[in-house]
Amino acid sequence: MSPEREARLLLMAPAHRRDALSEVLKDIGTVREADTPERVRSFARQERPDLVVLHAEADAECLGLCAELEQSYGVRVLVIGRDAGMEALRAAMRAGARDYLVDPVAPGELRSAVARLAQVERRARRGHVVTIFGTKGGVGKSTLAANLAVVLAERHHQRVALCDLDLEFGCAATLFGLRPTASIVDVCRHPGAMTLAAIGEAMSHSDHSQVDILAGPPTPDLAAFVDGEGKRDPERNYVQEILRTLRMAYDWVIVDTAVDFGEGVITALDEAERILFVTTPDIPALQNSAKGLDILLERLGYPQEKLSVVLNRGNAAMGLMEDEISAALSHPIRHMLPSDGDVAVRAANIGMPLVLLRGRSPLARAVGRLGGELVHDLERPRVAALSGEA
Ligand SMILES: Nc1ncnc2c1ncn2[C@@H]1O[C@H](COP(=O)(O)OP(=O)(O)OP(=O)(O)O)[C@@H](O)[C@H]1O
Ligand SMILES: [Mg+2]
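Residues numbered from 1 in each chain as written. Chains lettered and ligands numbered in written order. Predicted model: local features only at pLDDT ≥ 70, side-chain atom pairs only at ≥ 80, totals over all residues. Heavy atoms only, no water.

*Asks:* Explanation requested: helix α3 (residues 62-73) in the structure shown.
*Replies:* Spacing of three or four residues puts side chains on the same side of an α-helix, whose turn is 3.6 residues. With twelve residues, α3 ought to run about 16 Å at 1.5 Å a step, and its terminal C-alpha atoms sit 16 Å apart, in line with that. For α3, the full list of buried residues reads Cys 62, Leu 65, Cys 66, Ala 67, Leu 69, Glu 70 and Tyr 73. (Helix = DSSP H or I, 4+ residues; strand = E, 2+ residues; numbered from the N terminus. Expected span 1.5 Å × (residues − 1). Buried < 20%, exposed > 50% of the residue type's maximum accessible area, 1.4 Å probe, protein only.)

Dropping the structure here:
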């Protein structure tokens, strides 16, 4: 599948109309058929189709389902009905449908309406790249990256890719209990253009969550194939190509990094819509972090609003007050995560993200809030903008 992929369509229609409608839709993209509202919901949640075509006769609660798909999943819906009256059209539009076509619908009319809506959706579907960074080792970057990815996928029904750019000692896959057989190195050594299929083949999947994980190199020496002197084509920026390809297919691309200002990490910082800058409340970490923030803001010239400081283990400040910490960083603290070694280290050792293992713990709840705030800040405005279109 190339980044400009085919439209993904989902059809729910009564048995006697299904084949004929499906034939027309196949001219535009891949078509999945669902025969119950439950199937439609589960497909919408997992696959995020570009458009759902609902035939009103397939389900008495068709308009309720339409409203739910639009509101809960941000998925566009086209409704087909037998009723040619204005009231039927108005009711469909009130339920959030992007178009209402009267059946029997001419194939050409259906084809052009579906193609238009699916294309608008594909253009608008640009995922958010969130890069987790920090300038001190061991502050909790990987723990946050893995658990944030799970929160977005499981609680917010988002399609999430987790990309490990700690190219020497990455552990994103390990936090999910995985031992990947392929990694980002395979993607960079793959001949030809960057495609979603090539990245997909190198991704790992855990039974615990829907997050797709692109693991870091299995050994540190292989990092050079990604952003060093081992690059297959020295002119190409593979990390940029990977992140841009992933964001065509995923709602969120969460990037874990190392304390490093190499090409890969700088690219991930440049490409990010939001950088979560992780630090801890101890003087060595705060001093390093102040320098790191200065580099991001002054030398790399990122705007303040691109950066959110995350104070991990914030309740273990041992005498430092929050305003003293902010002053030391010259930057406000946006998110605070509590210290809980019992939960964090146990989860890492078991190989299951802590938000799944101990979902009610204060640490899991704090990561949950952070995820919710990101959705609020970045995804809601996108969905709202989309609602105004088409
Ligand atoms: N809030 C927390 N409370 C207690 N322990 C934590 C917390 N967050 C992370 N840890 C633990 O701290 C250690 C370092 O965390 P992690 O590996 O996520 O940091 P990192 O910044 O990715 O490190 P590195 O720079 O080596 O990549 C791990 O053992 C992890 O379980
Ligand atoms: Mg790490």
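*Asks:* I would appreciate a short explanation of the site of ligand 1 in the present structure.
*Replies:* In the vicinity of ligand 1 lie 17 residues, with Lys 141, Ser 142, Thr 143, Asn 312 and Asp 340 positioned nearest. Within the side chain of Thr 143, one N or O atom sits 2.5 Å away from an oxygen atom of ligand 1. Between Pro 338 and ligand 1, the recorded distance is 2.9 Å, taken from a backbone N or O atom to a nitrogen atom. Protein coverage of the free-state accessible area of ligand 1, which is 630 Å², stands at 78%. Counting residues per element, the ones that place at least two in the shell around ligand 1 are α6 (141-155) and α14 (341-350). (Near = heavy atom within 4 Å. Polar contact = N/O pair within 3.5 Å; in protein donor to acceptor, adjacent residues only side chain to side chain. Areas by Shrake-Rupley, 256 points an atom, 1.4 Å probe, with all protein chains shown as cover.)

*Asks:* Looking at this model, I keep getting lost on the pairing of strand β6 (residues 128-133). Mind explaining?
*Replies:* Across a regular strand the side chains alternate sides, sitting on one face of the sheet and then on the other. In terms of burial, β6 is largely enclosed, as six of its six residues are buried. Residue alternation in β6 divides its side chains into two sets, His 128, Val 130 and Ile 132 and Val 129, Thr 131 and Phe 133, and both sets are buried. Where β6 lies against strand β10 (residues 252-257), five bridges are found, and the strand directions are parallel. Counterpart to Val 130 in the pairing with β10 is Ile 254. The pairing of β6 with strand β11 (residues 274-279) spans four bridges and is classified as parallel. Across the sheet, Phe 133 pairs through a bridge with Phe 277, a residue of β11. (Pairing = 2+ DSSP bridges.)

*Asks:* Would you mind showing me how to read the sheet that holds β10 here?
*Replies:* Taken together, eight strands build an open sheet; the order of strands is β8-β9-β7-β10-β6-β11-β12-β13 and the sheet is mixed. Only two strands of the sheet have a single partner each, and these edge strands are β8 (204-205) and β13 (333-337). In the packing of α6 onto the sheet, contacts are made with β6, β7 (160-165), β10, β11, β12 (307-312) and β13, and the angle to β10 comes to roughly 170°. (Contact = heavy atoms within 4.5 Å. Axes fitted to C-alpha atoms, helices over the stretch in contact; angles between N-to-C directions.)

*Asks:* I would appreciate a short explanation of the side chain of Asp 166 in the present structure.
*Replies:* Assignment of secondary structure puts Asp 166 in the loop between β7 and α7 (184-189). Buried and unpaired, Asp 166 has Lys 141 as its nearest opposite-charge partner, separated by 6.7 Å. Within the local environment of Asp 166, its side chain forms a polar contact with the backbone nitrogen of Phe 169, the two atoms lying 3.1 Å apart. (Lys, Arg positive; Asp, Glu negative; His and termini not counted. Salt bridge = Lys/Arg side-chain N within 4 Å of Asp/Glu carboxyl O.)

*Asks:* Would you mind going over the packing of aromatic side chains with me for this structure?
*Replies:* Given two aromatic rings, their pairing is described by the distance between the two centres and the angle made by the two planes. Throughout the structure, instances matching the rule amount to two aromatic pairs. Aromatic side chains Phe 133 and Phe 261 sit 5.5 Å apart centroid to centroid with 70° between the ring planes, which places their arrangement in the edge-to-face category. Of this pair, Phe 133 sits in strand β6 while Phe 261 sits in the loop between β10 and α11 (263-271), and the two are 128 residues apart along the sequence. Owing to a relative accessible area of 0%, Phe 133 belongs among the buried residues under this scheme. Residues Phe 133 and Phe 277 carry aromatic rings whose centres are separated by 6.1 Å and whose planes lie at 75° to one another, so their mutual orientation is edge-to-face. Here Phe 133 is found in strand β6, whereas its partner Phe 277 is found in strand β11, with 144 residues between them in sequence. Assessed through its relative accessible area of 0%, Phe 277 is described here as buried. (Phe/Tyr/Trp six-rings, centres within 6.5 Å; stacked < 30°, edge-to-face > 60°.)

*Asks:* How do you make sense of the domain arrangement of the protein when you look at a structure like this?
*Replies:* You'll often see interface size given as the accessible area lost when the parts meet. One can read the domain layout of the protein as domain 1 (7-124) and domain 2 (128-388). With centres defined by C-alpha atoms, the gap from domain 1 to domain 2 works out at 36 Å. (Domains from an automatic or database assignment.)

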